[in-house]
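Structural features, examined
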Amino acid sequence: MAIEDLVDDFWRDALTSNASGPEAQAKWNAFIYGLKDRVANFPQEAQDEVFLRAAKHNAGRIAIARRSLDALRIELGLPPAHNPLVDAAAETLVRATVWHGVGALFRWFR
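Residues numbered from 1 in each chain as written. Predicted model: local features only at pLDDT ≥ 70, side-chain atom pairs only at ≥ 80, totals over all residues. Heavy atoms only, no water.

1. Structural notes on the overall build of the protein
Within the protein, the secondary structure is distributed over six helices and zero strands. Counted from the first residue to the last, the protein has its helices and strands arranged as α-α-α-α-α-α. Within the protein, the fraction of its 110 residues that count as buried is 41%. Summarising the internal contacts of the protein: among those between residues at least 6 apart in sequence, 70% fall at separations of at least 24. About 6000 Å² of surface is accessible on the protein, with carbon and sulfur atoms providing 56% of the total. (Helix = DSSP H or I, 4+ residues; strand = E, 2+ residues; numbered from the N terminus. Buried < 20%, exposed > 50% of the residue type's maximum accessible area, 1.4 Å probe, protein only. Contact = heavy atoms within 4.5 Å. Areas by Shrake-Rupley, 256 points an atom, 1.4 Å probe, with all protein chains shown as cover.)

2. Section: the packing of aromatic side chains
The tally for this structure, following the rule as stated, stands at four aromatic pairs. With 5.5 Å between their ring centres and 35° between their planes, Trp-28 and Phe-31 make a pair best called tilted. Of this pair, Trp-28 and Phe-31 both sit in helix 2 (residues 21-39), three residues apart, which is roughly one turn of that helix. Taken together through their ring pairs, the aromatic side chains of Phe-10, Trp-11, Trp-28 and Phe-31 make up a single cluster. (Phe/Tyr/Trp six-rings, centres within 6.5 Å; stacked < 30°, edge-to-face > 60°.)

3. Some details on the packing of helix 2 against helix 3 (residues 44-67)
When two helices pack together, their arrangement is given by the angle between the helix axes and the distance between those axes. Taken N-terminus to C-terminus, the directions of helix 2 and helix 3 make an angle of 150°; their axes are 10 Å apart at the nearest point. Our classification of the angle between helix 2 and helix 3 gives roughly antiparallel. Read as a crossing pair, helix 2 and helix 3 show a hand that is right-handed. From helix 2, Trp-28, Leu-35, Lys-36 and Val-39 reach across to helix 3, where they touch Gln-47, Val-50, Phe-51, Ala-54 and Asn-58. Broken down by class, the residue content of the contact of helix 2 with helix 3 amounts to six nonpolar, two polar and one charged. (Axes fitted to C-alpha atoms, helices over the stretch in contact; angles between N-to-C directions. Parallel < 35°, antiparallel > 145°, perpendicular 65-115°, else oblique. Left-handed = near helix turned anticlockwise from the far one by under 90°. Nonpolar A, V, L, I, M, F, W, Y, C, P; charged D, E, K, R; others polar.)

Given below as structure tokens:
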């Protein structure tokens, strides 16, 4: 499975679970640690490539989410929410992922 597919799976799970605050951060941490475990036996250069691709794809997903959460849901094959409470939870998830996104990918890996 491509790293981009794993990032998309993370977002699908997070958006459908309506995670917010610490729960959203815990999901992100679990994703990062799971990714770290998947590539632990790769050569360092390959590990760096995987994390760089993950960071770039995640940044693209965050950009879409900032523009429109429903656009991200549709891009990921999910139905639009049309629910202010669900959108508030998803916006919290986006903020948590932005703040801990790219830096966390490399900081936790090293």
